[in-house]
Amino acid sequence: TCTLEENGLDLSEMFRAAATDEKPHSRRAALSFFEASVRTLRSSLGEAAKALLQKFPKHLLESLACDESVMIRKASVATFALLLDLYPSPEIHALWRHCVLPLALDPEGGVAERAFEEVDRAILAPLTGASKRAGRRLPAEYPKVLDGLSSEETEYLQRALRCLLQRNKDFDASSVVASLAAVVRDGLRRPVAEWPSAPWPLLEELC
C-alpha cells in the first residue's frame, strides 16, 4: 500500500508547521490535527501506526504543554490522555508524566483542573477500581504510567495528590492505600532492584 508520504502528505511536517506558528490558534489547531492523525493511524494501521507516530517531533508536544497560551496548555492534557489510551508504552508513559504532572500545579486554575482530572483518571481511578471500559467497571490495578518516576516527577505527583485531597474532602483514600499496599507486598517478594518506587511517596501523602 502507498504511504502518506508517497501521496505527498507528510503529517509530521504539517504538525510541525502548525505547532511552531506564532499564532496561538494555529498552535491549538496543531494539537487537534495531531489527535485526529493518531486516531486515524491507529484505526487504519493498528500496531503498525507506532512507527509513524515516532516521526512526530516529541519535543514540540512537550513545548505545547508549557506554551504561554492557557488555551494550549489546557488542551494539551487531552492530547497526552489520548496517547496514553491509544499507544501505552514506556516512552508514552514517560511523556505523559513529564508533561501532565507539572500542569497539575499550573498557576491557571483551568489548566490545573484539567490536569487533576487526568491524574485522577490515569492514576487514582485504576488504583480504586473506578476505571471503566465498554461500560464495565475494571478491577483495581497498578497503573504502569507510574513505572520509572523520576524524583522531580514524584514531587509533582505528591503535590498534585495533596491538592486533590484538599479539593475533595469526601475522597475515600482507603481503596487507594489498599491497592498500593498490595503492590508493596508483592514487590517485597522480588529482588530489591525490582521493587516499585512510586507507592512509597503516594502512601506518604495518603496515610
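These lines cover the structure that appears in this document, whether it is placed above or below.

Cut-offs used in this document
- Residues numbered from 1 in each chain as written.
- Predicted model: local features only at pLDDT ≥ 70, side-chain atom pairs only at ≥ 80, totals over all residues.
- Heavy atoms only, no water.
- Helix = DSSP H or I, 4+ residues; strand = E, 2+ residues; numbered from the N terminus.
- Rg over C-alpha atoms; globule rule 2.2 N^0.38 Å.
- Contact = heavy atoms within 4.5 Å.
- Areas by Shrake-Rupley, 256 points an atom, 1.4 Å probe, with all protein chains shown as cover.
- Lys, Arg positive; Asp, Glu negative; His and termini not counted.
- Charge placed at Lys NZ, Arg CZ, Asp CG, Glu CD.
- Buried < 20%, exposed > 50% of the residue type's maximum accessible area, 1.4 Å probe, protein only.
- Arc of directions from axis to C-beta.
- Axes fitted to C-alpha atoms, helices over the stretch in contact; angles between N-to-C directions.
- Parallel < 35°, antiparallel > 145°, perpendicular 65-115°, else oblique.
- Left-handed = near helix turned anticlockwise from the far one by under 90°.
- Nonpolar A, V, L, I, M, F, W, Y, C, P; charged D, E, K, R; others polar.
- Core = buried A, V, L, I, M, F, W, Y, C linked by side-chain atoms within 4.5 Å.
- Salt bridge = Lys/Arg side-chain N within 4 Å of Asp/Glu carboxyl O.
- Expected span 1.5 Å × (residues − 1).
- Polar contact = N/O pair within 3.5 Å; in protein donor to acceptor, adjacent residues only side chain to side chain.

**Some points on the overall build of the chain**
Within the chain one finds 10 helices and 2 strands. When the elements of the chain are put in sequence order from the N terminus, they spell out α-α-α-α-α-α-α-β-β-α-α-α. Scaling as 2.2 N^0.38, a compact globule of 207 residues should have a C-alpha radius of gyration of about 17 Å, and the chain matches this with 18 Å. Dimensions of the chain, computed from the C-alpha atoms along their principal axes, are close to 55 × 40 × 35 Å. Residue pairs at least 24 apart in sequence account for 62% of intrachain contacts in the chain once pairs closer than 6 positions are excluded. Only carbon and sulfur atoms are counted for the fraction: they give 53% of the accessible area of the chain, which is about 11300 Å². If the 26 positive side-chain charges of the chain are averaged to one point and the 30 negative ones to another, these points end up 5 Å apart.

**A look at helix H1 (residues 11–19)**
Within the sequence span of H1, burial applies to Leu11, Ser12, Phe15 and Ala19. Around the axis of H1, the buried residues are gathered within 95° of arc, so they sit on the same side. The secondary structure elements touched by the buried residues of H1 are helix H2 (24–45) and helix H4 (58–65).

**Thoughts on the packing of helix H8 (residues 151–167) against helix H10 (residues 199–206)**
Where H8 contacts H10, the two axes come as close as 10 Å, and the packing angle between them is 30°. Between H8 and H10, the interaxial angle falls into the category roughly parallel. Along this stretch, H8 crosses H10, giving a crossing that reads as right-handed. Facing H8, whose interface residues are Thr154, Leu157, Gln158, Leu161, Arg162 and Leu165, H10 presents Pro201, Leu202, Glu204, Glu205 and Leu206. The residue inventory of the contact of H8 with H10, partitioned by class, reads 6 nonpolar, 2 polar and 3 charged.

**Here's the deal with the nonpolar core**
Judged by nonpolar contacts, the single largest core of 55 residues is most densely connected at Phe15, Phe80, Leu83, Trp96 and Ile123. Sorting elements by how many residues they give to this core places helix H7 (residues 109–128) first, with 9 residues. In this structure Leu83 touches Phe34, Val38, Leu53, Leu61, Pro88, Ile92 and Leu95, once residues within four positions along its chain are discounted.

**Observations concerning the pattern of salt bridges**
Under the counting rule described, the total for this entry stands at 12 salt bridges. Where Arg73 meets Asp106, a salt bridge forms, and the shortest distance between an N and an O atom there is 2.7 Å. In this pair, Arg73 sits in helix H5 (residues 70–86) while Asp106 sits in the loop between helix H6 (90–103) and H7, placing the two residues 33 residues apart along the sequence. The pair Arg73 / Asp106 is uniform in exposure class, with both members buried.

**Re H5**
The end-to-end C-alpha distance of H5, which contains 17 residues, comes to 25 Å, matching closely the 24 Å that a straight helix rising 1.5 Å per residue would cover. Residues of H5 that are buried: Ile72, Arg73, Ala75, Ser76, Val77, Thr79, Phe80, Ala81, Leu82, Leu83 and Leu84. Against H2, helix H3 (49–53), H4, H6 and H7 lie the buried residues of H5. The backbone nitrogen of Met71 has a side-chain oxygen 3.3 Å away, supplied by the residue at the start of H5, namely Ser69.

**With respect to the side chain of Ser76**
By secondary structure assignment, the location of Ser76 is in helix H5. Here Ser76 falls in the buried class, since its relative accessible area comes to 1%. A distance of 2.7 Å separates a polar atom in the side chain of Ser76 from the backbone oxygen of Arg73. Residues contacting Ser76, with those up to four places away along its chain left out, are Leu31, Leu64, Ala65 and Leu103.

**Considerations on the packing of H7 against helix H9 (residues 174–187)**
In contact at an axis separation of 8 Å, H7 and H9 are set at 85° when each is read in the N-to-C sense. Classified by the angle their axes make, H7 and H9 are roughly perpendicular. For the pair H7 and H9, the contacting residues are Leu124, Leu127 and Thr128 in the first and Ser175, Val176, Ser179 and Leu180 in the second. Residue classes in the contact of H7 with H9 are distributed as 4 nonpolar, 3 polar and no charged.

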